[in-house]
Amino acid sequence: QGSLLYLDALGTAFPRALARGSTALLHWSPGCPRAPAGWPLPTLYCTPAAASTLPSRAAALRLQLLFALRQRALHVLEAGLAAELHDALVALCTEWPQLARELALGRLSPQPGLPEGVLDQLQALLSPDAARAAELRAECTRGFEGILLRLWPQLEVVVVRTAHGAERLYCDSLCQAECQGLPFYCPFYQAAGALLGINLWPAEPAPRFLLSPDWAFCEFLPCLADKEPRTVLLDELWEGREYGLVVTAQPGEYRCRTGEVLKVTGFHKQCPVVEPVRRESQTLSVRGEGISEEQFYQSLCRTLRTLPGARLIDYVCVESSLLGDFSGLCAPHYEVFMELQGLRDLSEGQRYKLDQCLQEDFPIYKSFRFKGSIGPLRLHLVKPGTFTRLREALGSPKPMPRVLHEEQLLRLVQGSVIS
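Residues numbered from 1 in each chain as written. Predicted model: local features only at pLDDT ≥ 70, side-chain atom pairs only at ≥ 80, totals over all residues. Heavy atoms only, no water.

If you look the protein up in an unreviewed UniProt entry, it shows as GHDC protein from Catharus fuscescens.

Every buried residue belonging to helix 7 (residues 168-176) is among Leu169, Tyr170, Cys171, Ser173 and Leu174, and all of these are buried. On its buried face, helix 7 sits against helix 3 (82-105), strand 4 (184-185), helix 8 (293-304), strand 12 (311-319) and helix 11 (386-393). (Buried < 20%, exposed > 50% of the residue type's maximum accessible area, 1.4 Å probe, protein only. Helix = DSSP H or I, 4+ residues; strand = E, 2+ residues; numbered from the N terminus. Contact = heavy atoms within 4.5 Å.)

As a further point, take the sheet that holds strand 1 (residues 23-26). Pairing within the open sheet is parallel, and its four strands lie in the order 1-2-3-4. Among the strands making up the open sheet, the edge pair consists of strand 1 and strand 4. Both strand 2 (residues 76-81) and strand 3 (residues 157-162) contribute to a ladder of five bridges, which runs parallel. Pairing of Leu81 across the sheet is with Thr162, part of strand 3. Contacting strand 1, strand 2, strand 3 and strand 4, helix 3 crosses the sheet at an angle of about 115° to strand 2. (Pairing = 2+ DSSP bridges. Axes fitted to C-alpha atoms, helices over the stretch in contact; angles between N-to-C directions.)

Before going further, it helps to spend a moment on the domain arrangement of the protein. For the protein, the assigned domains are domain 1 (1-186), domain 2 (206-280) and domain 3 (285-415). Relative placement of domain 1 and domain 3: their C-alpha centres are 31 Å apart. Each partner contributes residues to the interface: domain 1 has 23 residues there, and domain 3 has 19 residues. Around 1600 Å² of area is buried between domain 1 and domain 3 when both sides are counted, 51% of it from carbon and sulfur atoms. If you look at where domain 1 meets domain 3, you find two salt bridges. (Domains from an automatic or database assignment. Buried area = accessible area lost by both parts, 1.4 Å probe. Salt bridge = Lys/Arg side-chain N within 4 Å of Asp/Glu carboxyl O.)

Encoded structure:
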C-alpha cells in the first residue's frame, strides 16, 4: 500500500517518471534483494536485481552505476540512502575512464567482490555502446558539477528513501555539486524495521510524512513533559509538539522505543503529518548537556564557513569515554573525525574554532567548559575514503552513525587519522 501511494504521488508530480525502464536503482542489499520503492511496477527499473546483492557494497554500487549509465533516457534516479548515491558518484568521478571502456566494449572488468557466476549473469545483459561511452568521456572531462543532468538530460527527480538526519549532509553536498538543478524526494519514513509514514508532497524540499494508522501500532511519548510522561496515540497528538516514537511492529518487539523524535507539523484528513527531528542515540552528552546531531551539524557548518576552500565530505563524533588511552588524561570531552576536501592540515586556532562555536551556540556546554567539567574538543582529519570504508564496515545499509558507540568502528577511523 505504501509503494502504491508513492507511485501515485511520484506520477502526479513527475508524469514521465513511471515510463518503462526509466528508473535506475543504487542500493546495496547483501544476501537478499530488498524491494525497491516502486516494486509493484518492476518494469520501471533498468537495473538488474542481482547487482544489489553482491557481498561488496562498493562493487554493487559501481555495477548499478554502470547499468544506469547505459540508459540515457532516465527520468528517475533512486537510492536507498543518500550516502549510496554519494558513493556511487564518487566512483563515477574516480573511475569514469574504466566505466567508459566497459560501456564501449560491452564487457565487465573482473573486480574484488564480484563473484564469477554473477559476473557471467550480468555480462549477458551488456552490449557494446561506443556512442554512450564517448558521451560519458566528454561530459566527465568537463568536470562534475551538474554531471547528472548532463549525463541524463531527461532526469526529473532523485528519489532517496532516507534523506533526513545523518543523510542530510550527503543531500546538501550533492545538491551543491553533482545533482545541481534536481529536486530530491524522500518518500518513506521507516523506524524499527517498519514502514510508518509516506511523503505525499514530492515537490516540497523538506520531507514530511503522513503517518498511517494501519501499518504498525505507534505510541508517542511527549517531550519536555512536566512529570513522568505517559504514551499517547495518533488521535491525541498536538500540532507543533515533539514526541518520542514507540513502535510495536514485528513479532517479539513489543513497545520498542526507537530513539526517534518526531515533530507534528500538521494534519492531513485527520491523520498527523510529522517530520523527524533527531535520533536520541546520536546525542552528544558527557555531562548531561545533550547536543543533538542536527544542532552539532549546524555548529560544524558555521565553523567550516571560516575555513576558506574547505568542503566537508563526512564526519563522526566520539565521546572520550570510548577512547580509552587514546584520549589521554583530561576531563571528558568530544573528539571529532572529519574528512575535508581542500585542506590537509589545520592550525591550532582552526581546530579550536569548532569548540568556540559550540560554546557560542550552547550556553550549557559553555558553562561546563568554563568550570573545566568538560575538556576542549579535539579535531582530527582523516584520509580520503575513510568514511566509504566505514559504511562498508557497518555491514548493512543503514544511516551513518554520527556518534560512534562501537570500538571496532572507532579503531577503523583512528587508523586513518592524518592530522
